[in-house]
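# Understanding the architecture of this molecule
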Amino acid sequence: MEKKDNTQPLVSVIMATFNEPEAIIAEAINSVLQQDYEKLELLIADDSTSEPTRRVIDQAERRDRRVRILRSDHRMGFVPALNAALHVAKGDFIARMDGDDISLPNRISAQVAYAQDHPDIDVFGGSMYIINKDGNIISERSYPQTKGSIHRMFMYRSPFSHPTVMFRRHIIDHGFYYDPQYRRAEDIDFYIRLYKAGYHFGNLKEKILKYRVMGDLQAKRSKDQWIYNHKARSKFILSKPLFSTVSFLVSMAYKYVPSSAVSRYYRKENSKLRK
């Protein structure tokens, strides 16, 4: 761990958790606390009912003062849990993290350096490895870095991997939070509202995260998710008519693609062994 530097900006890492297996949640938490960037806080909005999972999270809070746990007497749900963490975040930058993924050791320092080198960029993610339930790398995925390529990809697919995203604090200071009515598409809705408001997007070329895929990813992409994704993409942005039209049509077309075809696509994308 690097020496303490009070000139470093504070980074708030927000993580919503719900009954992840003990070993997996421990690995996710440790990957944040063992970053080569020290000045961070880890905000865990925990909905877990599993005592072993809660015990791992509680132990992390006891051993590291940078960890804060947020719990409610009722089930918060994923999106409200994220917002609960955002409301108490103190950082100059906000980083997303899921309870079953692994941040690479230089993730935070790389993203802060990127932000400092690109003061015009408000939201930025990065490339990632894809791992299976056992933590073995089965594929890798990159995201576009230029403004034009990000905007083109955004018309038909998210230009970010949500767990890699970091954004500047002024976004929440201006009242932008995740909207609970778009569960399972909260990230797309969030980015579209930011895009409409004129915020700028970017991505690091380097890999900063290991994204865990367990089972068939398509199984998580239900009709319910399509409805919310389509609803989010139905917002017409007068200043961006091409984006709005293509985005709407693509999301509509997705409804008619057989789930078996989508499942095959994701299996192929997530099982390419590195050469």
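For the structure, check the block above.
Each chain has its residues counted from 1, running along the sequence as written. Local features in this predicted model are restricted to residues of pLDDT 70 or higher, and side-chain atom pairs are both shown and tallied only at a pLDDT of 80 or more, whereas totals for entire chains, interfaces and linings draw on every residue. Only hydrogens and water are set aside; all other atoms, that is, all heavy atoms of the structure, feed into the side-chain values.

### Structural notes on the nonpolar core
- Here, nonpolar core means buried Ala, Val, Leu, Ile, Met, Phe, Trp, Tyr and Cys residues that are tied together by side-chain atoms lying within 4.5 Å of each other. Exposure classes here rest on a 1.4 Å probe applied to the protein chains alone. A residue is buried below 20% of its type maximum, exposed above 50%, and partly exposed in between. With 38 residues, the main nonpolar core has Val11, Ile29, Leu42 and Ile108 as its most contacted residues.
- The contact partners of Val11, leaving out residues within four places of it in the chain, are Tyr37, Lys39, Leu40, Glu41, Gly91, Phe93, Ala95, Ile108, Val112 and Met166. We call two residues in contact whenever any of their non-hydrogen atoms come within 4.5 Å of each other.

### So, helix H9 (residues 241-254)
- For H9, with 14 residues, the first-to-last C-alpha span of 20 Å sits near the 20 Å given by 1.5 Å per residue.
- Residues of H9 that are buried: Phe243, Ser244, Ser247 and Ser251. Taken down its axis, H9 places every buried residue within 95 degrees of arc, on the same side. The exposed residues of H9 that point more than 90 degrees off its buried face are Leu242 and Leu249. The way it works is that DSSP assigns letters per residue, a run of H or I at least four long becomes a helix, a run of E at least two long becomes a strand, and they are numbered from the N terminus. An expected span of 1.5 Å times one less than the residue number is assigned to each helix. As used here, the arc belongs to the directions running from the helix axis to the C-beta atoms.

### Re the side chain of Ser247
- With respect to the helices and strands, Ser247 occurs in helix H9.
- Under this definition, polar contacts are N or O atom pairs within 3.5 Å; protein pairs additionally need one hydrogen-donor-capable and one acceptor-capable atom, and for neighbouring residues in sequence, both atoms have to be side-chain atoms. For Ser247, the side chain forms a polar contact with the side chain of Arg233, separated by 2.6 Å.

### Section: the environment of Tyr177
- For Tyr177, the position within the fold is in the loop between helix H6 (170-173) and helix H7 (186-196).
- Expressed as a C-alpha distance, the spacing of Tyr177 and Ala84, which sit 93 residues apart in the sequence, is 9.8 Å.
- With residues up to four places along the chain from it excluded, the contact list for Tyr177 reads Asn83, Leu86, His87, Ile172, Phe190 and Arg193.

### Details of the environment of Glu22
- As for its position among the elements, Glu22 is in helix H1 (residues 22-33).
- Residue Glu22 is classed as partly exposed on the basis of its relative accessible area of 43%.
- In this structure the C-alpha to C-alpha distance between Glu22 and Thr53, which are 31 residues apart in sequence, comes to 5.2 Å.
- Each residue touching Glu22, except ones within four places of it in the same chain, is listed here: Pro52, Thr53 and Val56.

### With respect to the packing of aromatic side chains
- The aromatic pairing rule takes the rings of Phe, Tyr and Trp, using the six-membered ring of Trp, and pairs them if the centres are within 6.5 Å, calling planes under 30 degrees apart stacked, those over 60 edge-to-face and the rest tilted. Under the defined criterion, the tally for this structure stands at 14 aromatic pairs.
- For the ring pair Tyr114 and Phe124, a centre distance of 5.4 Å and an interplane angle of 45 degrees mean the geometry is tilted. Separated by ten residues along the polypeptide, Tyr114 in helix H4 (residues 107-117) and Phe124 in strand E6 (residues 123-131) bring together distant segments of the chain.
- For Tyr114, a relative accessible area of 12% puts it in the buried group.
- Here the aromatic rings of Tyr195 and Phe243 are separated by 4.8 Å at their centres, their planes lie at 75 degrees, and the arrangement is edge-to-face. Note that Tyr195 is positioned in helix H7 and Phe243 in helix H9, a separation of 48 residues in sequence.
- By the ring-pair criterion, three or more aromatic residues cluster together here, those being Phe154, Phe160, Phe167, Tyr178, Phe190, Tyr191, Tyr195, Phe201 and Phe243.
- One residue, Lys207, lies across the ring of Tyr129, its end atom 5.5 Å from the ring centre. Any Lys NZ or Arg CZ found within 6 Å of a ring centre and within 35 degrees of that ring's normal is scored as a charge over the ring.

### Section: the environment of Gln59
- Assignment of secondary structure puts Gln59 in helix H2 (residues 51-63).
- When the C-alpha positions of Gln59 and Ala26 are compared, they lie 9.6 Å apart, and in sequence the two are 33 residues distant.

### Focus on unusual backbone geometry
- Within the chain, Asn19 stands out as a residue other than glycine whose phi angle is a positive 60 degrees.
- Given a relative accessible area of 28%, Asn19 falls into the partly exposed group.

### Comments concerning the pairing of strand E7 (residues 137-141)
- Pairing between strands is defined by DSSP: at least two bridges between them are needed. Across four bridges, E6 lies against E7 in antiparallel orientation. Residue pairing in the sheet places Tyr129 in a bridge with Glu140 of E7.

### Things to note about the packing of H1 against H2
- Fitted lines through C-alpha atoms give the axes, limited to the stretch in contact for helices. The angle between two N-to-C directions lies from 0 to 180 degrees. At a minimum axis distance of 9 Å, the contact between H1 and H2 shows a crossing angle of 20 degrees. The angle between H1 and H2 falls in the class roughly parallel. Here the hand of the crossing between H1 and H2 comes out right-handed. Together, Glu22, Ile25, Ala26, Ile29, Asn30 and Leu33 of H1 and Pro52, Thr53, Val56, Ile57, Ala60 and Arg63 of H2 make up the contact between the two elements. Geometric relationships in this document are graded by angle, where less than 35 degrees denotes roughly parallel, more than 145 denotes roughly antiparallel, 65 to 115 denotes roughly perpendicular, and other angles denote oblique. Note: crossing handedness is left-handed where the near helix turns anticlockwise from the far helix by less than a right angle, and right-handed where it turns clockwise.

### Quick notes on the pattern of salt bridges
- Definition used for salt bridges: Asp or Glu carboxyl oxygen within 4 Å of a side-chain nitrogen of Lys or Arg. Enumeration according to the criterion identifies 13 salt bridges in this entry.
- In this structure, the salt-bridge partner of Glu140 is Lys207, at a minimum N-O distance of 3.8 Å. Of this pair, Glu140 sits in strand E7 while Lys207 sits in strand E9 (residues 201-212), and the two are 67 residues apart along the sequence.
- Overall, the relative accessible area of 38% leaves Glu140 in the partly exposed class.
- Here Asp189 and Arg193 are joined by a salt bridge, their closest N and O atoms 3.0 Å apart. Residue Asp189 and its partner Arg193 are located together in helix H7, separated by four residues, close to a single helical turn. The pair Asp189 / Arg193 is uniform in exposure class, with both members buried.
- Linked through salt bridges whose partners overlap, the residues forming this network are Asp46, Asp58 and Arg71.

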